Amino acid sequence: MKPIPIKSPGRNKLEKSYGEYLAQLKRLGEIIDFRYEPLSLRIGHSAWYKPDFLVIKEDCFEFHETKGHMREAAFVRLKACATKYPWFRFLLIKDPTGKGQWNVKEIKAE
């Protein structure tokens, strides 16, 4: 696959930092690859969700959503996707310290 630039336009500081972290995981062989905002998932009529990162692992595809602050509507969309697309893993990524100390929470289908 064609590599993506870490500092592509449109990314906020948290997304850039997490993209650099994913690039490091790729170099170490812990993930196969990743993409920034590669697609949108339909969750209802005129309702879409665009995950921050698609992460490709040996055994699964994951969607990683980075948030400094999670609004209720964003969480509802993330939960709806986890319910509608149970064959993917959805992870909420936070960095409360701003120092690359990632808190990871899996969002599961209900």
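No experiment lies behind these values; they were computed from the predicted model shown.

Conventions we followed
Residues numbered from 1 in each chain as written. Predicted model: local features only at pLDDT ≥ 70, side-chain atom pairs only at ≥ 80, totals over all residues. Heavy atoms only, no water. Core = buried A, V, L, I, M, F, W, Y, C linked by side-chain atoms within 4.5 Å. Buried < 20%, exposed > 50% of the residue type's maximum accessible area, 1.4 Å probe, protein only. Helix = DSSP H or I, 4+ residues; strand = E, 2+ residues; numbered from the N terminus. Contact = heavy atoms within 4.5 Å. Pairing = 2+ DSSP bridges. Axes fitted to C-alpha atoms, helices over the stretch in contact; angles between N-to-C directions. Phe/Tyr/Trp six-rings, centres within 6.5 Å; stacked < 30°, edge-to-face > 60°. 1 Å grid on protein atoms, 1.4 Å probe; cavity = no way out; pocket = protein on both sides within 12 Å on 5 of 7 lines; lining within 4 Å. Points joined across faces, edges and corners; volume = space filled by probe spheres on them. Nonpolar A, V, L, I, M, F, W, Y, C, P; charged D, E, K, R; others polar.

(A) Layout of the nonpolar core. In this structure, Leu41, Tyr49, Leu78, Cys81, Phe90 and Ile107 are the most contacted members of the largest nonpolar core, which totals 15 residues. Counting only elements with at least two residues in this core, the list comes to strand 2 (41–44), strand 3 (47–49), strand 4 (53–56), helix 2 (72–84) and strand 6 (89–94). It is helix 2 that contributes the most residues to this core, 3 residues altogether. Setting aside anything within four residues of it in sequence, one finds phenylalanine 90 in contact with Leu41, Tyr49, Phe63, Leu78, Cys81, Ala82, Tyr85, Lys105, Glu106 and Ile107.

(B) Looking closely at the sheet that holds strand 7 (residues 103–107). If you trace the 5 strands from one edge of the open sheet to the other, you get 1-4-5-6-7, paired in mixed fashion. Here the strands that pair on one side only, and so sit at the sheet edges, are strand 1 (33–36) and strand 7. Across the sheet, the mean angle from the axis of one strand to that of its neighbour is 25°, orientation sign disregarded. Relative to strand 4, strand 1 runs antiparallel, the two sharing 4 bridges. Note on strand 4: the bridge partner recorded for arginine 35 is leucine 54.

(C) Fine view of the environment of histidine 69. Assignment of secondary structure puts histidine 69 in the loop between strand 5 (61–66) and helix 2. Since its relative accessible area comes to 61%, histidine 69 is described here as exposed. Each C-alpha atom of the pair histidine 69 and serine 17 lies 16 Å from the other, and the pair is 52 residues apart in sequence.

(D) Local environment of the packing of aromatic side chains. Applying the stated rule across the entire model yields 11 aromatic pairs. Considering the side-chain rings of tyrosine 21 and tryptophan 102, the 6.0 Å spacing of their centres and the 45° angle between planes classify their relative orientation as tilted. You can see tyrosine 21 sitting in helix 1 (residues 13–27) and its partner tryptophan 102 sitting in the loop between strand 6 and strand 7, a full 81 residues away along the chain. Aromatic rings pair up to connect Tyr18, Tyr21, Phe34, Tyr36, Phe53 and Trp102 into one cluster.

(E) Region of interest: the layout of surface pockets. Here the largest pocket is characterised by a volume of approximately 150 Å³. Asn12, Glu15, Glu37, Tyr49, Lys50, Asp52, Glu65, Thr66, Lys67, Met70, Ala74 and Leu78 together form the lining of the largest pocket. Within the residue set of the lining of the largest pocket, elements represented by two or more residues are strand 5 and helix 2. Looking at side-chain class alone, the lining of the largest pocket contains 4 nonpolar, 2 polar and 6 charged residues.

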